[in-house]
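If you want the building blocks of each chain, they are given just below.
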Amino acid sequence: MLHESRQQLLTTDKKATQTMIKPSDASVWASCIRRVWLDKHQAGQVNIGVSDFDQLLRDSGLEYETAVLTKLQQQYIVHKAYSIKHTRELMQQHVPVIYQGRLLDEQQSLIGYPDFLILHESGHYQAADVKLSHSANKKSIQIQLGLYRRILNNQLPALVFLGDGNTATLGDETKPLVDRFITDMEALLAMDEQPTVRYSHSKCRICPYFERCTPEFEANEDVSLIYGIHGNSANHLASMGLSTITQLANSCAEAIPDVPHLKGYKKKHHAILQAKAYQTGEIYQLNDITLPEGMWIHFDIEDNPLTTTHERHVYLWGLLATPYSFNDFDYVWTDDETQDYQGWINFLEKIDNYRTQYSTFVLAHYSNHERTTIRKYAERYAMKDHATVVWLLGNNSPLFDMQKAVVDNLVLPLKGYGLKDICKHKDLVNFQWQDEDSGSQWSVVQFSRFLAATDPHAKLKLKNEILSYNRDDVMATRQLEEWLRNINSSKIRTIKEMN
Ligand code: SF4
């Protein structure tokens, strides 16, 4: 087939399918129906860039897809499809495997691009996709594969080549979800006005429409802006006449009936205080904060989920010990996955050294990720009975999750309780990272560049940038520790709210 004719076919496909329902709409639909509506109705009006991290995920996905393609090519003759028409021709010829096929059902307005179409002994084709995910339970994967099955219109289950090397099958169990997706998408495509939705801190802050949607939520004083108020709870509260932050702040917990995700006095009381904090910027203290005794060492890891072994590789175990200056930053670094075991052992040795040095010490971290990672490494290397591991994960563990201490005891004027939310806030900890753009995803991108770099100077520069970011993270948790101690000694104005 000539290059020009392939281009013509692609253009024809694009024009014919612009307003159709695509399996790729599924992940956006599962996240926010307004985002789907905006994607379909405002295409081109907002610059939807791809973040470096998303690009890295795409590249890794393509790399894995190529690896699966190579494996299939060792067993079958694989034909690449260039258009809907070409896919149909290849299917009519009963070729063994079609790569990047294009499936169209004009009647149902459905279009799908399965990575592979594999000829089954029954003479029908079976759709297969390559996913980095280790499970096929995700809604978006079920819908995508379910849609391919619907267009193919046969009884064969679809296949998912998972990121951990396993293959999952998806059959008729996906039908109800696919039905709901299609019905919803048809309604969304027919709507002239954007659908009403609620704010979600985790989804909205990374959405390209954030600047467009947030002013509306704020102008309406939408209660979903309040930490702990789920969108579904907000809908139920609104149906009872409680739809603004002011109304919530002026309520009393006993008068609010139980609604989904907001049941019981404690949660409702917390939500009311959170609404008050949002309005006034004040800090509410629910309980005294108990900080463990001992020498505090701040701890934060950087890990890469995109590995060839499909297990997260900790490339940096970062630590900050007394007197907590810039130069007290200590760490274990590994250049790549082949050093994974050595990095883990070096980390345990460092912990043993601290243990010898300090009779009691606290290993302070923010969120449960560090503890979970230590447990996973102990399982990975069959070291659950190793003395240091037993101590780290046992009843007298030195690990201390500062996030839990904050969330359990304080109500802060924040929409989220991530380390940066609380530390960067000028009226709270007020610690600023040297690199404004740095973050855990940024770190993974830098590490992937480090892996790819061949020039030693470029490599060192990337490593230093990652170290600098991790050092800021542990210095931030140190600042947070001091801030919490000041709260305990009443140096920071709080409003006491004893339960
Ligand atoms: S900003 Fe939030 S509400 Fe708006 S489209 Fe994005 S995810 Fe949906």
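Scroll up for the structure.
Attention in this report is confined to the structure presented alongside it. Bear in mind the structure is a predicted one, so any value in this text is a computation, not a measurement.

### Here we look at the site of the ligand
If you check the shell around the ligand, you find Cys32, Arg34, Arg35, Leu38, Val197, Lys203, Cys204, Cys207, Tyr209, Phe210 and Cys213 and nothing else. Those elements that place two or more of their residues in the shell around the ligand are helix 3 (33-41), helix 8 (201-204) and helix 9 (210-219). In terms of residue count, helix 3 provides more of the shell around the ligand than any other element does, three residues in total. Residue composition of the shell around the ligand, grouped by class: eight nonpolar, no polar and three charged. Taken domain by domain, the makeup of the shell around the ligand includes at least three residues from each of domain 1 (3-190) and domain 2 (201-280).

### Concerning the pairing of strand 13 (residues 361-365)
The buried count for strand 13 comes to four of five residues, which makes it a mostly enclosed element. Strand direction decides the pairing type here: strand 10 (residues 295-304) and strand 13, joined by four bridges, are parallel. Counted as the bridge partner of His298 is Ala364 from strand 13.

### Remarks on the packing of helix 3 against helix 7 (residues 175-190)
Here helix 3 crosses helix 7 at 50°, and the two axes come no closer than 9 Å. It follows that helix 3 is oblique to helix 7 by the angle criterion. Here helix 3 and helix 7 pass one another in a crossing that is right-handed. Of the residues in helix 7, those touching helix 3 at Ile33, Val36, Trp37 and Lys40 are Asp184, Leu188 and Leu189. Here the contact of helix 3 with helix 7 is built from residues that sort into five nonpolar, no polar and two charged.

Criteria and cut-off values
- Residues numbered from 1 in each chain as written.
- Predicted model: local features only at pLDDT ≥ 70, side-chain atom pairs only at ≥ 80, totals over all residues.
- Near = placed C-beta within 6 Å.
- Helix = DSSP H or I, 4+ residues; strand = E, 2+ residues; numbered from the N terminus.
- Nonpolar A, V, L, I, M, F, W, Y, C, P; charged D, E, K, R; others polar.
- Domains from an automatic or database assignment.
- Buried ≥ 20, exposed ≤ 12 C-beta atoms within 10 Å, placed from the backbone.
- Pairing = 2+ DSSP bridges.
- Axes fitted to C-alpha atoms, helices over the stretch in contact; angles between N-to-C directions.
- Parallel < 35°, antiparallel > 145°, perpendicular 65-115°, else oblique.
- Left-handed = near helix turned anticlockwise from the far one by under 90°.
- Contact = placed C-beta atoms within 7 Å.

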